[in-house]
Amino acid sequence: MNNIIMVDFDGTITKEDTCVSSLKEFATRDWKHIDEKWVAGELSTRQCSIELYKLMDFDEERLKSFLEDIEIDDYFVQFAQLCEEKGIDIYIVSDGFDYNIKTVLAKYGLDYLKQYSNGFRFDEGGNYSLTFPHENKDCGKCGTCKSNIFYNLKSKTDKIIYIGDGYSDRCVASKVDILFAKSYLAEYCDNEGIEYIEYESFKDIIDYLKEFRERQESK
Ligand SMILES: [Mg+2]
Ligand SMILES: [Zn+2]
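Residues numbered from 1 in each chain as written. Chains lettered and ligands numbered in written order. Predicted model: local features only at pLDDT ≥ 70, side-chain atom pairs only at ≥ 80, totals over all residues.

**Things to note about the overall build of the protein chain**
Moving on, step 1. Scanning the protein chain from N- to C-terminus turns up 10 helices and 7 strands.
Moving on, step 2. Against the globule reference of 17 Å for 219 residues, the protein chain gives a C-alpha radius of gyration of 17 Å, in line with a compact fold.
Moving on, step 3. Over its C-alpha atoms, taken along the principal directions, the protein chain stretches across nearly 55 × 35 × 30 Å.
Moving on, step 4. For the protein chain, the residues scored as buried account for 34% of the 219 residues in total.
Moving on, step 5. In the protein chain, the proportion of contacts linking residues at least 24 apart, taken out of those at least 6 apart, comes to 56%. (Helix = DSSP H or I, 4+ residues; strand = E, 2+ residues; numbered from the N terminus. Rg over C-alpha atoms; globule rule 2.2 N^0.38 Å. Buried ≥ 20, exposed ≤ 12 C-beta atoms within 10 Å, placed from the backbone. Contact = placed C-beta atoms within 7 Å.)

**Considerations on the nonpolar core**
Moving on, step 1. Residues Ile-5, Met-6, Tyr-162 and Phe-180 are the most contacted members of the largest nonpolar core, which totals 35 residues.
Moving on, step 2. When neighbours within four sequence positions are excluded, Ile-5 is seen to be in contact with Cys-83, Ile-88, Ile-90, Ile-161 and Ile-163. (Core = buried A, V, L, I, M, F, W, Y, C linked by C-beta atoms within 7 Å.)

**Thoughts on the sheet that holds strand S2 (residues 88-97)**
Moving on, step 1. Spatial strand order, S4-S3-S2-S1-S5-S6-S7: 7 strands in an open sheet with mixed pairing. The sheet is open, and its two borders are formed by strand S4 (128-131) and strand S7 (197-198), each paired with just one other strand.
Moving on, step 2. Sheet topology note: the strand S6 (residues 178-181)/S7 ladder contains 2 bridges and is parallel. Looking at S7, one finds that Ala-181 is bridged to Glu-198. (Pairing = 2+ DSSP bridges.)

**Quick notes on the environment of Cys-189**
Moving on, step 1. Examined against the element boundaries, Cys-189 turns out to sit in helix H9 (residues 183-192).
Moving on, step 2. Among the residues examined, Cys-189 registers 20 C-beta atoms within 10 Å and is labelled buried.
Moving on, step 3. Considering only alpha carbons, one finds Cys-189 and Leu-179, 10 residues apart in sequence, at a separation of 9.8 Å.

**Brief notes about the pairing of strand S5 (residues 160-164)**
Moving on, step 1. Here S5 lies mainly inside the structure; 5 of its 5 residues are buried.
Moving on, step 2. A two-sided burial pattern is seen for S5, the buried positions comprising Ile-160, Tyr-162 and Gly-164 on one face and Ile-161 and Ile-163 on the other.
Moving on, step 3. In the sheet, strand S1 (residues 3-7) pairs with S5 via 4 bridges, with the strands oriented parallel. Each residue of the ladder has a partner; that of Met-6, found in S5, is Tyr-162.
Moving on, step 4. Pairing between S5 and S6: 4 bridges, direction parallel. Each residue of the ladder has a partner; that of Ile-161, found in S6, is Ile-178.

**Observations regarding the pairing of S4**
Moving on, step 1. Here 4 bridges tie strand S3 (residues 114-122) to S4, and the two strands are oriented antiparallel to one another. Looking at the pairing, Phe-120 lines up with Leu-130 of S4.
Moving on, step 2. Where S3 folds back on S4, the antiparallel hairpin that results is connected by 5 residues, among which Gly-126 adopts a positive phi of roughly 85°.

Put into structure tokens, the structure is as follows:
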């Protein structure tokens, strides 16, 4: 059975949050008060996203070319290669949108990676729609509930490593077997007494996996 690593997308794989950056680029009015309500748990991801997209003025071409300029962690490609070699399955789990994930990763030839996220599409007329296929009634907050996905994947393997950085990782953080956290997520874990390993980039995860494998192989 393959080992599994769940990885957040925005701010974890990418150097900047694709949703926040899109807002900074395309919002025609102030959006921060809406985002703050989501952070405080007063709005669900669905409610928040619908409101935020309404504030943005973009078309497919502009959005796509903007997203194509967003960079990923300098070591993520190497990390994905290592996982492939070692038979570790990567699952991208994101409370952001598949359109952003596919557009950014295609540039690096990594858009084949398995992913769970919210849906964003343009129709032929250039109008967009949002879908939330991974909501969880018991959670009520997340668009893509990472806890739900974690429980489903957990039935396939005994240990799951999770890598994240932010607010959307709060739901699952205390449940996973090994947690890598940075920035806001690390602060949150400190406050909540959740154990984690601090990391800066995927270089740290690569080093950990190499050692982890050596430990397992020498058993
Ligand atoms: Mg994130
Ligand atoms: Zn959730």
